[in-house]
Each structure stands twice: as structure tokens, then as C-alpha cells.
Amino acid sequence: MIARLERDILDRRTYGRIAYLLLALPLGIVESTFLVTAISFGVGTAVTLIGIPVLIGTVYAWRWMAGVERSLIGALTGIHIPSPYRAEPAGASWWDGLKARLADPATWKDLLFLLLQLPLGIASFVIVVCVLCASLGSVLAPVYFWSVPDGIDLWLLEVDTLLEALALVPLGAVWIVLGIPALGALGRLYGELASLLLGSNVDPKLTAEVSDLRDARSRIIAAADAERRRIERDLHDGAQQRLVALALTLRMAEKRAADGDPDTAVLVRQAGDEAGLALDELRDLARGIHPAILTNRGLRAALDDLAARATLPVEIVAAPAERLPEPVEAAAYFVVSESLANVSKHAHATRAEVSVAVGEGRVTVTVGDDGVGGADPENGSGLQGLADRVGAVDGHLTVHSPPGEGTRVVATIPLAAPPVPVIDPLPPEAPRILPDDVAAERQRARVGRLRTRLAVLGGLGLVCVVVWALTSGGYFWPVWPLLGLGLVAGVDASRVLAGPPLRQSEVSDGREPRELRRRRRLRVEASALGVVNLFLIGVWLAAGGGYFWPVWPLLGSGVAVGLKALRWPAVVRDRLLDQAS
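What you see is a predicted model, and the numbers here were worked out from it, not measured in a lab. (Residues numbered from 1 in each chain as written. Predicted model: local features only at pLDDT ≥ 70, side-chain atom pairs only at ≥ 80, totals over all residues. Heavy atoms only, no water.)

1. Some thoughts on the overall build of the protein
Convention followed: Under the scheme used here, helices are H or I runs from DSSP no shorter than 4 residues and strands are E runs no shorter than 2 residues, and both carry numbers assigned from the N terminus. For every residue, the accessible area obtained with a 1.4 Å probe (protein chains only) is divided by the maximum for its type, and the residue is called buried under 20%, exposed over 50%, and partly exposed between those limits. Here, two residues are considered to be in contact whenever any of their heavy atoms come within 4.5 Å of each other. Using a 1.4 Å probe, the Shrake-Rupley method yields the accessible areas, and only the shown protein chains count as cover for residues.
Helix and strand counts for the protein stand at 19 helices and nine strands. The buried share of the protein, taken over its 581 residues, is 36%. Here the analysis covers contacts within the protein between residues at least 6 apart in sequence; of these, 71% occur between residues at least 24 apart. Looking at the protein as shown, the accessible area adds up to about 32400 Å², and 64% of this sits on carbon and sulfur atoms.

2. A look at a nonpolar patch on the surface
Which entries qualify depends on this criterion: By definition, no residue in a patch forms a salt bridge, and every one has over 30% relative accessible area; like charges are joined within 9 Å, nonpolar side chains (Val, Leu, Ile, Met, Phe, Trp, Tyr) within 5 Å. Salt bridges are identified by distance alone: a Lys or Arg side-chain nitrogen within 4 Å of an Asp or Glu carboxyl oxygen.
On the surface, Tyr547, Trp549, Trp552 and Leu555 cluster together to form a nonpolar patch covering roughly 500 Å² of accessible area. Here Leu555 is to be found in helix 18 (residues 551–565). Judged by relative accessible area, Leu555 falls into the partly exposed class, the value being 48%.

3. Side note on the pairing of strand 7 (residues 408–414)
The following threshold applies: By this definition, two strands are paired if DSSP reports at least two bridges between them.
On strand 7, burial follows the alternation: Val409, Ala411 and Ile413 on one face are buried, whereas Arg408, Val410, Thr412 and Pro414 on the facing-out side are not. Bridge analysis of strand 5 (residues 362–369) against strand 7 gives seven bridges, and the strand direction is antiparallel. Note on strand 7: the bridge partner recorded for Arg362 is Pro414. Across five bridges, the pairing between strand 6 (residues 396–400) and strand 7 is antiparallel. If you follow His400 over to strand 7, its bridge partner there is Arg408.

4. Some thoughts on the pattern of salt bridges
Inspection of every chain in the model, using the stated rule, returns 10 salt bridges. With its nearest N and O atoms 2.9 Å apart, the salt bridge here joins Asp110 to Arg70. Of the two residues, Asp110 sits in helix 5 (residues 105–139) while Arg70 sits in helix 3 (residues 51–77), which places them 40 residues apart along the sequence. Each member of the pair Asp110 and Arg70 is classed as buried. Between Arg351 and Glu315 there is a salt bridge, with the nearest N and O atoms lying 3.3 Å from each other. Of this pair, Arg351 sits in the loop between helix 12 (326–347) and strand 4 (352–359) while Glu315 sits in strand 3 (residues 314–318), placing them 36 residues apart in sequence. Taking the relative accessible area as the measure of exposure, Arg351 reaches 36% and is therefore partly exposed. Because the salt bridges share partners, they merge into one network encompassing Glu315, Arg351 and Glu353.

5. Here's the deal with the packing of aromatic side chains
Each aromatic ring pair is summarised here by two numbers: the centre-to-centre distance and the angle between the ring planes. Put simply, the test is: Stacked, edge-to-face and tilted are the three classes for Phe, Tyr and Trp ring pairs, Trp counted by its six-membered ring, which pair at centre distances within 6.5 Å; planes under 30 degrees apart are stacked, over 60 edge-to-face, the rest tilted.
Under the defined criterion, the tally for this structure stands at four aromatic pairs. Plain terms: the ring middles of Tyr333 and Phe334 are 5.4 Å apart, the flat faces sit at 85° to each other, and that makes the pair edge-to-face. Accessibility assignment for this pair places Tyr333 and Phe334 in one class, buried.

6. Side note on unusual backbone geometry
With phi around 55°, Glu360 is a residue other than glycine that occupies positive phi space. By the element assignment, Glu360 lies in the loop between strand 4 and strand 5.

7. Quick word on helix 2 (residues 12–44)
Selection rule: By this rule, a helix spans an expected 1.5 Å times one less than how many residues it contains. In this analysis the local bend is the angle between axes fitted, respectively, to the seven residues ending at and the seven residues starting at the residue.
Compared with an ideal rise of 1.5 Å per residue, which puts 33 residues at 48 Å, helix 2 spans 47 Å between its outermost C-alpha atoms and is within 8% of the ideal. At Leu23, helix 2 shows its largest kink, close to 35°, and the proline Pro26 lies no more than four residues downstream.

8. Some points on the nonpolar core
Rule in force here: Put simply, buried Ala, Val, Leu, Ile, Met, Phe, Trp, Tyr and Cys residues joined by side-chain atoms within 4.5 Å make one nonpolar core.
Judged by nonpolar contacts, the single largest core of 45 residues is most densely connected at Ile73, Phe113, Ile127, Leu460 and Leu487. Elements supplying a minimum of two residues to this core: helix 2, helix 3, helix 5, helix 7 (162–198), helix 14 (436–470), helix 15 (479–498) and helix 17 (513–542). Top element by residues in this core is helix 7. It accounts for 10 residues. Those residues in contact with Ile127, other than ones at most four positions away along the chain, are Leu183, Leu186, Leu460, Cys464, Pro481 and Leu485. Of all hydrophobic cores here, the second largest spans 37 residues; its members include Tyr333, Val356, Val393 and Ala411.

9. As for the confidence of the model for the protein
The criterion, for reference: Looking at any residue, its pLDDT shows the predictor's confidence there, from 0 to 100.
Looking at the protein, pLDDT values average 77 and 74% of them are 70 or higher. No element of the protein has a lower mean pLDDT than helix 19 (residues 570–580), which averages 45, and none a higher one than strand 5, which averages 90. In the predicted structure, residues 417–430 sits below a pLDDT of 50 and forms 17 contacts with residues beyond four places in sequence or in another chain. Ignoring residues within four places in sequence, the model shows residues 570–581, a span with pLDDT below 50, making seven contacts including any to other chains.

10. Side note on the sheet that holds strand 3
Neighbouring strands of a sheet are bound in pairs by backbone hydrogen bonds; such pairs are parallel or else antiparallel. This is how it is decided: The angle between two axes is taken between their N-to-C directions and runs from 0 to 180 degrees, where each axis is a line fitted to C-alpha atoms and a helix contributes only its stretch in contact.
Strand order in the open sheet formed by five strands is 3-4-5-7-6, with mixed pairing between adjacent strands. Unpaired on one side and paired on the other, strand 3 and strand 6 mark the two borders of the sheet. Neighbour-to-neighbour, the strand axes of this sheet turn through a mean angle of 15°, independent of strand direction. Where helix 11 (residues 299–309) meets the sheet, its contacts fall on strand 3 and strand 4, and the angle it forms with strand 3 comes to roughly 160°. Each of strand 3, strand 4, strand 5 and strand 7 is contacted by helix 12, which is oriented at about 10° to strand 5, the strand it contacts most.

11. Regarding the packing of helix 7 against helix 14
Rules: Crossings are sorted by hand: turned counterclockwise from the far helix by less than a right angle, the near helix makes the crossing left-handed, and turned clockwise it makes it right-handed. Polar here means any residue other than Ala, Val, Leu, Ile, Met, Phe, Trp, Tyr, Cys and Pro, which are nonpolar, and Asp, Glu, Lys and Arg, which are charged; Gly is therefore polar.
The interhelical angle for the contact between helix 7 and helix 14, taken along N-to-C directions, is 115°, at an axis separation of 10 Å. Considering how the two elements wind past one another, helix 7 and helix 14 form a crossing that is left-handed. Contacts between helix 7 and helix 14 involve Ala182, Leu183, Leu186 and Leu189 from the first element and Arg453, Val456, Leu457 and Leu460 from the second. Looking at side-chain class alone, the contact of helix 7 with helix 14 contains seven nonpolar, no polar and one charged residues.

12. Concerning the environment of Asn533
The condition is simple: N or O atoms closer than or at 3.5 Å make up a polar contact, with two conditions inside protein: a donor-capable atom paired with an acceptor-capable one, and, for residues adjacent in sequence, both atoms drawn from side chains.
Inspection of the secondary structure assignment puts Asn533 in helix 17. With sequence-adjacent residues up to four places away left out, Asn533 is seen in contact with Pro553, Leu554 and Ser557. For Asn533, the side chain forms a polar contact with the main-chain oxygen of Leu529, separated by 2.7 Å.

13. Concerning the packing of helix 3 against helix 5
Rules: By definition in this entry, angles of less than 35 degrees are roughly parallel, angles greater than 145 are roughly antiparallel, angles of 65 to 115 are roughly perpendicular, and the rest are oblique.
Following both chains from N to C, one finds helix 3 and helix 5 inclined at 70°, their axes separated by 9 Å at the closest point. Considered as vectors, helix 3 and helix 5 are oriented roughly perpendicular to each other. Crossing geometry of helix 3 relative to helix 5 is assigned as left-handed. Together, Val59, Trp62, Arg63, Met65, Ala66, Glu69, Arg70 and Ile73 of helix 3 and Thr107, Trp108, Asp110, Leu111, Phe113, Leu114 and Gln117 of helix 5 make up the contact between the two elements. Partitioning the contact of helix 3 with helix 5 into residue classes produces nine nonpolar, two polar and four charged.

14. Quick word on the side chain of Gln117
For Gln117, the location among the structural elements is in helix 5. Engagement of the side chain of Gln117 in a polar contact is seen with the side chain of Tyr20, the distance being 3.2 Å. Discounting chain neighbours no more than four positions away, the residues touching Gln117 are Tyr20, Ala24, Leu27, Gly28, Glu31, Glu69 and Tyr190.

What follows is the structure in C-alpha cells.
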């Protein structure tokens, strides 16, 4: 214990955290004043259209202020908070960028932290000042006690002599030894709270993208199984039968040659024809798996080969002369191959044209025909498989096929094809399901650490009350730091107590792990909102009562928890996510 106190006192990060606790109040005053003024003015004048640009500017301003807070927290507390924002659409207009920013949950978490900065800053500033003044004042009492007219008043004790002042020095030293590490721990806790609000969290859009990738992976696996069955069927019904016929013909030729039959030459010629047909079928089969001409001679020669083997006239409008990365060439080739196969089977077209253009770091593959049109990617497994194949190299496939006007398939493939990602069925932030004994042990450890943190916060609150009692004893100003400490303690306790580790016994009765995780997040968020609302009610009581303004955040929190608790249908959830993005 003593070694840990010594380490905390000598650690420079402890004093950086104390400095941030002191800075939190002026930062909170500036941020809260700006946000309350700007939002109130913007909402009040929105009907005259003057407030709309003010509100838009406020959205951009509070993200900048949150970035400043992240930088300060990282520099002073040592808790580095990476940027949690979604990437804005490339080349999007300012309106699309604003919509993407408003749809980002991190934007609203930034606003929550900036609004909480003032009450938390008041609490942290008062606690730091009280602890430092009490400890340093006791240590330096022999230096300045004589300048206080009635002596230093310490509640039951008045220090007005040098001997009494010297007796305060050991007490002040104890306060310093205990107070500096305690303030450092408070600063670290403040930084963790900031990391919770200013850092990243489970992103609904990312979850939707993971779900889409999982669906695409299932389709790719199913397509691969179907392709293996097709290869097996083609080998069994095609090349294998011809090779069997070839073997029988050769045996017959051998028997007739032994008997001196003059028709042996005819059987040999038939065997040669069967061998040629079998070789052609094997070449077609191998070409469907991966064409050798694409590997040996490149995309241009492979496209010429496709055009020559097509059942209708195909014009190669453009093709790259240089070699492209292998994944890009393979994806472009199969887009053209599958599209021409669809044209031959379904389009009733008289001609088709193919264009493969390279420019601006991507390859654009276009296949068009003059057929009947009406192709639907949602109902065609071939087009869906092409979309999955192109998406595997970070590309995009579009199909324009109005009825009676032909079909136009356009695939855009980046030249720098990314590696195939490893798809995790859940975001990495999702809690794991542990064995019961491991989960219980981990929860006991979490509760033990929570008790230590609550003890530190309780000690700081007690210090504030003692300082108030030893000084004036009039207006009970410690109510404000006590409210701030209670908020921090409540949020910390709700996170630990409402979100225990998930146990294997909870899923043994058939419940889905995803549903358990959803309920766990709901409990944690609902309990945290309850603590925040209790804090606001405490602020209302400490301010003297009057109009009960906390009714509005109470109603908002109830609506938010209710909406979160609803089990939205997958179609509605996906539509909301699409509109938000």
C-alpha cells in the first residue's frame, strides 16, 4: 500500500490528472455557456430561418470542442481516446455530410459529455481545491499562522501559537500522502468517464454491415457448393462418359485388329473423335473454374476468347492492354463471362458489347445488350453471385434493365484490391459468454474494484463535509461536489452491477446470445440514465426547488429506454439504418 502511494505521488501523470480536474471547471463554463446560448438562440429563431445556420454551426462546433477535450485528456491524464466518428461519404455534398454527422451516435455522445462538463467540473474543482488547501495549509501553518488575526480555526481547535502550528505539519503531510493519490485516482476515473462518452461504442451501422457480410458469406458458400456439384455432374455426365466410350471403342478396335478385321481403322477414328470431344469438354470445364488464357495472356485475350465463343455477336469496345492485379482480372473476367451467359440464356438479344476501362484507380466493366431487359438482381442468383464476387474485392455492381430496352451491367472494381476480411459474427466490443465459475470470479473482482473506487469517492465527499464544518458551517456548499461525486459513483456502479459477464448457463435454455447481449446493454443504459436523472433531481433540490424542470429529461429518458426495449422487426431496423446512413 505504501509503495503504491509513493509510486502515485512520484508519477507525473498524477499531477496531469489533477491539472485536468482543475481545468474541467473553466472548460465546462465555456462549453456549457456556448452550447446553451447557441442551441437556445437557434431553436428560438428557427421559425425565422435565422436559427437554422446557427444550429448547423453549433453541431460542427461541439464536435471540434469534443476533439479538444480528447486531446487534453490524452495529454494530461494519459488516457488516449481515438476518434469514434464514422467516415463521411467521399465526395458527398455538405448536406449529405451534415446528415451523416447527425446520424452518427458519437455526435450526440459528444454533446452529452460537454453538457455534463460543467457540473462535473464544479465538483472536481471544489474537491481538488479543498484537498490541496487543507493539506498544504496544514503543512505551511507555521509560516503564516501569525498573519491570521484570530488564528487558524479548525472547528474545535484554534491554532494561534507556533507549537500548535507545528503540530499541524504531520497532519498536513498525511493529507498530502493520501490526498495526492486520491486526486490522481479521481482524475483517472474522470478520464474513464470521458472515454466512455467521447470514445467509440457498438455502431449500429457497423453491425448492419457485419450482418450483410454474413449474408454474403452464406451466399458465397452456397454458390461454391452448387459449383462443386455442377463440376461433379459435368464430369460424370460429360467427360467421364466419353472416356468410357473411348475405352470401349479402343478395346473393340484391339479385338478386331487381332482378328484381322479391315474396319478397325473406322473404330480408331471414332476413338480419336471421342478423345477430342472429351478434351473439349474438359477445357470448357477448366475454363469455367479459372481460364488458363487469363493467367497466361491477360484480360484482353480472355475477353477476345469469350467473344469468340459467345452464341451471339459480341463487340469488345475497350480492353486494357496492361496486366492488372490477379483478383481484379478474375473479377472482371467472371463479370463479363456470367453476363454474356445470362444474355445468351434470357435476353433474346441480337448483339452485345463489352467495355473494360481503367482510370482513376479503378476498373469499370460494362456489359450491355439489346434484349428484352427486365433483369432483377434480387431474383437472379447469378447476378447476386456476381455482386458478392465484386463486393469481395471492395467493388460495386449495378444493373440497369428497363423492360424492352436491354440490360446494362456495370461493375466498378478498385485496382488496389483489399485482402479478404475475416468476418467476426459480432463486433469486437461485444461481451463474451464465459463459464459460470469464470464469470462469477470476474464479477467478484469487478465489484471489489468498484468498492475501492466508491471508498475513494466517499472519502473525498467526507473531506468536503469536514472542511465545511471546520470553516464556516453556514451555507452547505459541499452539496455540489457531493452531487458530482454521486453522479460519478452511480454511473460507475450501474456499469458494474447492471452489466455482469454473460454466463453459459444463461444460454443453456435456448436463449439467443444476441438477445442476452441486447438485454445486458439495455440494463446498463437504463440504469445509467436513472442515475443521471437522479443527479438532475438532486440539482433541482439543491437549487431551491421551484418549477420541476427535470420532468423533461425524465420523459426523454423514459421514451429512449422504451424505444430501446422494443424489438424492432428486421425490415424496419434495416430501413431505419438505411435512412440514417
